Amino acid sequence: GPVELTLLPQSDDESPACLDGSPYGFYFRPSTANSTKWTTNIQGGGWCYDEALCHARSKTSLGSSKYWPKSAGCSCMNAKEDGEMDDCNCLYMPYGDGASFSGFRPKPWPVS
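The rules behind the values
- Residues numbered from 1 in each chain as written.
- Predicted model: local features only at pLDDT ≥ 70, side-chain atom pairs only at ≥ 80, totals over all residues.
- Heavy atoms only, no water.
- Disulfide = S-S within 2.5 Å.
- Helix = DSSP H or I, 4+ residues; strand = E, 2+ residues; numbered from the N terminus.
- Buried < 20%, exposed > 50% of the residue type's maximum accessible area, 1.4 Å probe, protein only.

K.L.:
Before we go on, may I ask you to explain the state of the cysteines in this structure?
P.N.:
In protein structure, a disulfide is the covalent linkage between the sulfur atoms of two cysteines. Per the counting criterion, the structure on display carries 3 disulfides. The disulfide bridge from Cys 76 ends at Cys 88, spanning 2.0 Å between sulfur atoms. Residues Cys 76 and Cys 88 are joined by a disulfide whose S-S torsion is about -105°; by sign, that bridge is left-handed. Within this pair, whereas Cys 76 is found in the loop between β4 (71-73) and β5 (89-93), its partner Cys 88 is found in the loop between β4 and β5, the two being separated by 12 residues in sequence. Judged by its relative accessible area of 16%, Cys 76 falls in the buried class. The exposure class assigned to Cys 88 is buried, which follows from its relative accessible area of 1%. The connectivity of the disulfide bonds within the protein chain can be written as 1-2, 3-6, 4-5, using the sequence rank of each bonded cysteine. Cys 18 takes part in no disulfide bond, and the closest cysteine sulfur, belonging to Cys 48, lies 12 Å away.

Okay, structure coming up:
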């Protein structure tokens, strides 16, 4: 079933953020049976290569958490030997920085 979006606090210039400066977040569902197994889904999105493309992307769900749903699915992908899905901790990390989760800039970049 769906899990709630957790937005991370924006306490300083090093807080994780999306292209538009909105807070980064994730969807997490803990195991119901104390499993040590995990399914981690990191959404792809590709790079934006110049200021105009990054600015355009900042107005979409690939650049702003403002467009992310308040809840989303997070499914375990750990199959048992019989093919049935096993219980696990599930983490879904949406894409929002335009730089494959490697971008950092403390202040906005001016775009004309």
